[in-house]
Amino acid sequence: MKLSMILSVVLILTISACTTEKESTKQKPNILFIMSDDHAYQAISAYSNKLIETPNIDRIADEGMLFTNACVTNSICAPSRATILTGKHTHINGKIDNRTPFDTTQVTFPQLFQKAGYQTAMFGKLHFGNNPKGVDEFMILPGQGRYINPDFISKRGDTTIIGYATDIITDLTIDWLDKKRDSEKPFMMMYLHKAPHRPWWPSPAKFKEFTKKQFPEPETLFDDYKNRGTAAKTAEMNILNHMMYKHDMKIRPETIAAMGNIEPKIKEFKGGFTGLYNRMNEKQRAQYDPIIDSINQYFKKNWPSMTSEEKMRWKYQRYMQDYLGCISSVDDNVGRVLDYLDESGLAKNTIVIYTSDQGFYLGEHGWFDKRFIYDESFKTPLLVRWPNEVKAGTTNSEMVQNLDFAQTFLEAAGIKAPDDMQGESLIPLLKGNNREWTRDAVYYHYYEYPAVHMVKRHYGIVTKKYKLAHFYYDVDEWELYDRKRDPQEMNNVYKDSSYYMVVIELKKKLAGLRIKYKDSKELDLKYIEQYKK
Ligand code: SGN
Ligand code: CA
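Just so we're clear, the structure is a prediction, and the values are computed from it rather than from any experiment. (Residues numbered from 1 in each chain as written. Chains lettered and ligands numbered in written order. Predicted model: local features only at pLDDT ≥ 70, side-chain atom pairs only at ≥ 80, totals over all residues. Heavy atoms only, no water.)

S.K.: Run through the overall build of the protein chain, naming residues and quoting values.
M.R.: The helix and strand inventory of the protein chain stands at 19 helices and 16 strands. Relative to a compact globule of 533 residues, whose C-alpha radius of gyration would be 24 Å, the protein chain shows 24 Å and is just as compact. In the protein chain, which comprises 533 residues, the proportion classed as buried is 60%. Taking as baseline every contact in the protein chain between residues at least 6 positions apart, the subset at least 24 positions apart corresponds to 68%. By element, 52% of the accessible surface of the protein chain is carried by carbon and sulfur atoms, the whole surface being about 22,200 Å². The positive charge centre, built from 74 side chains, and the negative charge centre, built from 69, are 2 Å apart in the protein chain. (Helix = DSSP H or I, 4+ residues; strand = E, 2+ residues; numbered from the N terminus. Rg over C-alpha atoms; globule rule 2.2 N^0.38 Å. Buried < 20%, exposed > 50% of the residue type's maximum accessible area, 1.4 Å probe, protein only. Contact = heavy atoms within 4.5 Å. Areas by Shrake-Rupley, 256 points an atom, 1.4 Å probe, with all protein chains shown as cover. Lys, Arg positive; Asp, Glu negative; His and termini not counted. Charge placed at Lys NZ, Arg CZ, Asp CG, Glu CD.)

Encoded structure:
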């Protein structure tokens, strides 16, 4: 072959390689990962409209897929986020509870997106650290963040933005999508709400609207924890006994002072009502004050003569009014982002995911908060829209976990996932190929004890039919629930002889999962020792 011919062949090959690369990068889907904090699936109308309508979040499922059996590996904030970022169980990535520092030398999925040519950004609540890796741009809340006039950490230093956190996080997200990103590149955006985390402060408008509403009570609001283990009986998550008046119910310190020392005796609560109220400017206070005053007047007048049952009912309503008010703002703001995607033409090539860092109790078993392997906190909402790939209006009931997210996003973007990630890509399920999915059980492990809410350490296995959990550290107790016969998990049948074989088989399977995911008794002990330091 003549030299000129060889050169022209090389040239043609190079040009075509460049074009293919450019085209394939262009066609890569954008990822918009929306996560809220403590958003129970019971408060999304795509799952149930008993409590609230969330038309915007529902759109993601109407135009995509609703997962009805999505769950977390460890039902608490920072560990859930670490699992999502690393694609590993918390005993492997080390972020077993909210206290332990996150080892930032680990590979997280945004870093892989960035390396592969994606534009990456993160806005809202991360919970840990102040310099997330793998994101070109970020504005994150320090720690839990604040609902009103929130502080933000950014690459350019710290700043405070006046307004309501849910609206502000959305403004930042839309602004980056619209004006700041390089539109030649695909993007991976993490849009992370602080809402509806405790202490619940809805926006002034939602506060006004939701304090006028009354909500249906869950059947198990007055649960007495009979037929359960010690852990359920000793947890400090009961609305009547452990929810605070100032901190949670908007009762002013002056009201409490005038009524005597009536607050539940719980160590951890410092900020009370004033933590947020003192951040407000005059104008903001003027919006909240009339409603807070009327709640206080009612409380002062009626509380002393209420029965325990009436107190529980009143607290439950106050809880729902504020919690659901916060969610309503999340829903409006998700709507703003979805509208932006439509108007900009980005929607058709953008995968939109809506989830929460875990589920939450909305009065079931008399509780608020999370942590337990029991359904309301173990499960988490998961809705995914991916035009042309995911069939609109579909439902999936497989047992998927937050552990699977990283590998799913990476596969969607055509990026190889590291071999040591422990999840499974959900792409087959998203594309309707359920037969390719072989998982029949998931593994769960919660650690943060002793700590706020006093939920004991436990690990367990969950299948579609059963849930077996081992509570350890200062107890050694097993619990078994028959998920089909007892969906509310009111009866621990571990000692029921008719479940003898089920227990044997599940214990074997659980031991297998502990080996598969590299968890062990040694690690349990290591994390206990580490916690004591
Ligand atoms: C705070 C809350 C707790 C909550 C933890 C963990 N108290 O301590 O109720 O369980 O966060 O939540 S409050 O003072 O903020 O009201 S997590 O979502 O970050 O894990
Ligand atoms: Ca949370």
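Next comes the rest of the description.
S.K.: Provide a residue-level description of the sheet that holds strand E1 (residues 30–36), including the pertinent values.
M.R.: Pairing within the open sheet is mixed, and its ten strands lie in the order E7-E6-E5-E4-E8-E1-E9-E10-E2-E11. Edge positions in the sheet fall to strand E7 (157–160) and strand E11 (394–396), since each of these pairs with one other strand and no more. Ignoring strand direction, the axes of neighbouring strands in this sheet form an average angle of 15 degrees. Where strand E2 (residues 65–67) lies against strand E10 (residues 382–385), three bridges are found, and the strand directions are antiparallel. Paired with Leu66 across the bridge in E10 is Leu383. Relative to the sheet, helix H3 (residues 77–86) contacts E1, strand E4 (119–125) and strand E8 (187–192), its axis offset from that of E1 by approximately 165 degrees. Relative to E8, helix H6 (residues 165–180) is tilted by about 170 degrees, and along the sheet it contacts E4, strand E5 (137–141), strand E6 (151–154) and E8. (Pairing = 2+ DSSP bridges. Axes fitted to C-alpha atoms, helices over the stretch in contact; angles between N-to-C directions.)

S.K.: Describe the environment of Lys391, naming the residues involved and giving the relevant values.
M.R.: Locating Lys391 in the fold gives a position in the loop between E10 and E11. On the accessibility criterion, Lys391 (64% relative accessible area) is exposed. Put simply, Lys391 and Pro202 are 189 residues apart on the chain and 35 Å apart in space, counted from C-alpha to C-alpha.

S.K.: Any details on the packing of aromatic side chains? Residues and values, ideally.
M.R.: According to the stated counting rule, one finds 42 aromatic pairs in the structure shown. Taking 6.3 Å as the distance between ring centres and 85 degrees as the angle between the ring planes, the aromatic pair formed by Tyr466 and Tyr499 counts as edge-to-face. Of this pair, Tyr466 sits in strand E15 (residues 466–471) while Tyr499 is found in the loop between strand E16 (477–482) and helix H18 (500–516), placing the two residues 33 residues apart along the sequence. On the basis of relative accessibility, which here comes to 7%, the residue Tyr499 falls in the buried class. One aromatic cluster in this structure is built from Tyr225, Tyr361, Trp367, Phe372, Tyr374, Phe471 and Tyr481. Residue placement shows Lys194 over the ring face of Tyr147; its charged tip is 4.9 Å from the ring centre. Taking NZ or CZ as reference, Arg285 lies 4.9 Å from the ring centre of Tyr277, over its face. (Phe/Tyr/Trp six-rings, centres within 6.5 Å; stacked < 30°, edge-to-face > 60°. Lys NZ or Arg CZ within 6 Å of the ring centre and 35° of its normal.)

S.K.: Give a description of empty space enclosed by the protein that names residues and reports values.
M.R.: Counted by the stated rule, this structure contains three cavities of 30 Å³ or more. Quantified by volume, the largest cavity comes out at close to 70 Å³. In terms of lining residues, the largest cavity is bounded by Ile351, Ile353, Leu382, Val384, Phe405, Thr408, Phe409, Ala412, Leu426, Ile427 and Leu430. For the lining of the largest cavity, the secondary-structure elements that each account for two or more residues are strand E9 (350–356), E10, helix H16 (405–412) and helix H17 (427–430). (1 Å grid on protein atoms, 1.4 Å probe; cavity = no way out; pocket = protein on both sides within 12 Å on 5 of 7 lines; lining within 4 Å. Points joined across faces, edges and corners; volume = space filled by probe spheres on them.)

S.K.: I'd like a rundown of the coordination of the calcium ion (ligand 2), residues and numbers included.
M.R.: Summarising the metal site, the calcium ion (ligand 2) is bound by the protein donors Asp37 (OD), Asp38 (OD), Asp357 (OD), Asp357 (OD) and Gln358 (OE1), whose distances to it range over 2.1 to 2.8 Å. Here the calcium ion (ligand 2) binds six donor atoms, and the angle range of 50 to 173 degrees at the metal identifies the geometry as irregular. Counting residues between consecutive donors of the calcium ion (ligand 2) along the chain gives the motif D-D-x318-D-Q. You can see Asp37 sitting in the loop between E1 and helix H2 (55–62) and its partner Gln358 sitting in the loop between E9 and helix H15 (375–378), a full 321 residues away along the chain. For Asp37, a relative accessible area of 0% translates into the label buried. The exposure class of Gln358 is buried, given its relative accessible area of 0%. (Donors = N, O, S within 2.8 Å, 3.2 Å for Na, K, Ca; no water. Tetrahedral: all angles 85-135°; square planar, octahedral: opposite > 155°, others 65-115°.)

S.K.: I'd like a description of the site of ligand 1, backed by residues and values.
M.R.: Close to ligand 1 lie 19 residues, the nearest being Gln144, His247, Asp369, Arg371 and His453. In this structure, an oxygen atom belonging to ligand 1 sits 2.8 Å away from a side-chain N or O atom of Gln144. The contact in question runs from an oxygen atom of ligand 1 to an N or O atom on the side chain of His197, over 3.0 Å. Across the complex, the protein chains shield 90% of the 460 Å² of accessible surface that ligand 1 would expose by itself. Within the shell around ligand 1, the residues separate by chemical class into four nonpolar, seven polar and eight charged. (Near = heavy atom within 4 Å. Polar contact = N/O pair within 3.5 Å; in protein donor to acceptor, adjacent residues only side chain to side chain. Nonpolar A, V, L, I, M, F, W, Y, C, P; charged D, E, K, R; others polar.)

S.K.: Summarise the sheet that holds E15; cite the residues concerned and give the values.
M.R.: Taking strand neighbours across the sheet as the criterion, the four strands line up as E13-E14-E15-E16 in an open arrangement whose pairing is antiparallel. In the strand order of this sheet, the two ends are held by strand E13 (442–446) and E16, each with one partner. Across this sheet, the average inter-strand angle for adjacent strands is 15 degrees, counted without regard to direction. The pairing of E15 with E16 spans six bridges and is antiparallel. Looking at the pairing, Leu468 lines up with Leu480 of E16.

In short, geometric facts, not functional conclusions.
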